[in-house]
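Now for the letters of each chain:
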Amino acid sequence: MRLEGWHGWVGTFTGVVLLTVAALPLAALVAWAPARRRRLAGARASAAWRRSVAEVGIVYGTVPPVRLILLPGDEGRAVVNLVPLRDLLTMDAGQIVGNLLVFAALGSLGPLRFTALASLRRVLALGAGCSVLVETAQYVLHLDRVSSVDDVLLNTAGAGLAALGSRRWWHTGSGVPPAEAEERTPSVN
């Protein structure tokens, strides 16, 4: 296969999905290596694995969907829609689910890896910021796609829902899950 053919195949939805699946063993190996290093440095096995899986999972779960978003579209021109809920009413279920999943890995694993993200507001802000960046890139790169505020809303909601799903495993800097930390923190009046 010529290099041009390979590049063309990689630049398709099917190519990105197949490469993502094929990269799973590599992602597992990449997670194992720092977990082992952390274990040898004295970290508890659960903490070492948790941190390594979160780091690799954020990248492995976010890069492929963002790559799909940045594939050239078929609109014939770049379109921007800043009217909320206009595009949402025309989206099919696959588009809605896909938009919800774009930053789900970031939303669920970010707070596990970065204590500073252990807040739903921060995860939503990060999801919204990343989504605005991607939608802006679609327009600036002239990818003939629709850059829509509804995509931003769905991407942000997906990050938030995923964060809520992983919330029970978040830890604050004290090593205490957020719900318990809030109960233990004296209120300042």
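Now for a look at the structure at hand.

Reading the values: the criteria
Residues numbered from 1 in each chain as written. Predicted model: local features only at pLDDT ≥ 70, side-chain atom pairs only at ≥ 80, totals over all residues. Heavy atoms only, no water. Axes fitted to C-alpha atoms, helices over the stretch in contact; angles between N-to-C directions. Helix = DSSP H or I, 4+ residues; strand = E, 2+ residues; numbered from the N terminus. Parallel < 35°, antiparallel > 145°, perpendicular 65-115°, else oblique. Contact = heavy atoms within 4.5 Å. Nonpolar A, V, L, I, M, F, W, Y, C, P; charged D, E, K, R; others polar. Buried < 20%, exposed > 50% of the residue type's maximum accessible area, 1.4 Å probe, protein only. Polar contact = N/O pair within 3.5 Å; in protein donor to acceptor, adjacent residues only side chain to side chain. Core = buried A, V, L, I, M, F, W, Y, C linked by side-chain atoms within 4.5 Å. Arc of directions from axis to C-beta.

## Considering the packing of helix H2 (residues 13-22) against helix H4 (residues 45-69)
Packing of H2 against H4 leaves a shortest axis separation of 10 Å and a crossing angle of 170°. The pairing of H2 with H4 is recorded here as roughly antiparallel in orientation. Contacts from Phe 13, Val 16, Thr 20 and Val 21 in H2 reach Tyr 60, Pro 64, Arg 67 and Leu 68 in H4. Here the residues of the contact of H2 with H4 sort into 6 nonpolar, 1 polar and 1 charged.

## Focus on the side chain of Ser 147
As for its position among the elements, Ser 147 is in strand E2 (residues 146-148). According to the relative accessible area criterion, Ser 147 is buried, its value standing at 7%. Engagement of the side chain of Ser 147 in a polar contact is seen with the backbone oxygen of Glu 135, the distance being 2.9 Å. One polar contact links Ser 147 to Gln 138, side chain to side chain, over a distance of 3.4 Å. Aside from chain neighbours lying at most four places away, what touches Ser 147 is Val 79, Val 80, Asn 81, Glu 135, Gln 138 and Tyr 139.

## Focus on the nonpolar core
Note that soluble globular proteins tend to have their nonpolar side chains buried in a common cluster. Membership of the largest hydrophobic core comes to 15 residues, with the highest contact counts inside it found for Val 66, Val 102, Phe 103, Leu 109, Leu 112, Val 134 and Trp 170. At the level of elements, H4, helix H6 (104-113), helix H7 (120-140) and helix H8 (149-166) are the ones that each hand at least two residues to this core. Of the residues forming this core, the biggest block, 4 residues, is contributed by H4.

## Examining H2
Looking only at H2, the buried set comprises Gly 15, Val 16 and Thr 20. Summarising the axial view, the buried residues of H2 lie within an arc of 130°, below the 170-degree limit, and thus occupy one face. Exposed positions of H2 whose direction lies more than 90 degrees from the buried face are Val 21 and Ala 22.

By themselves these figures say nothing about function.
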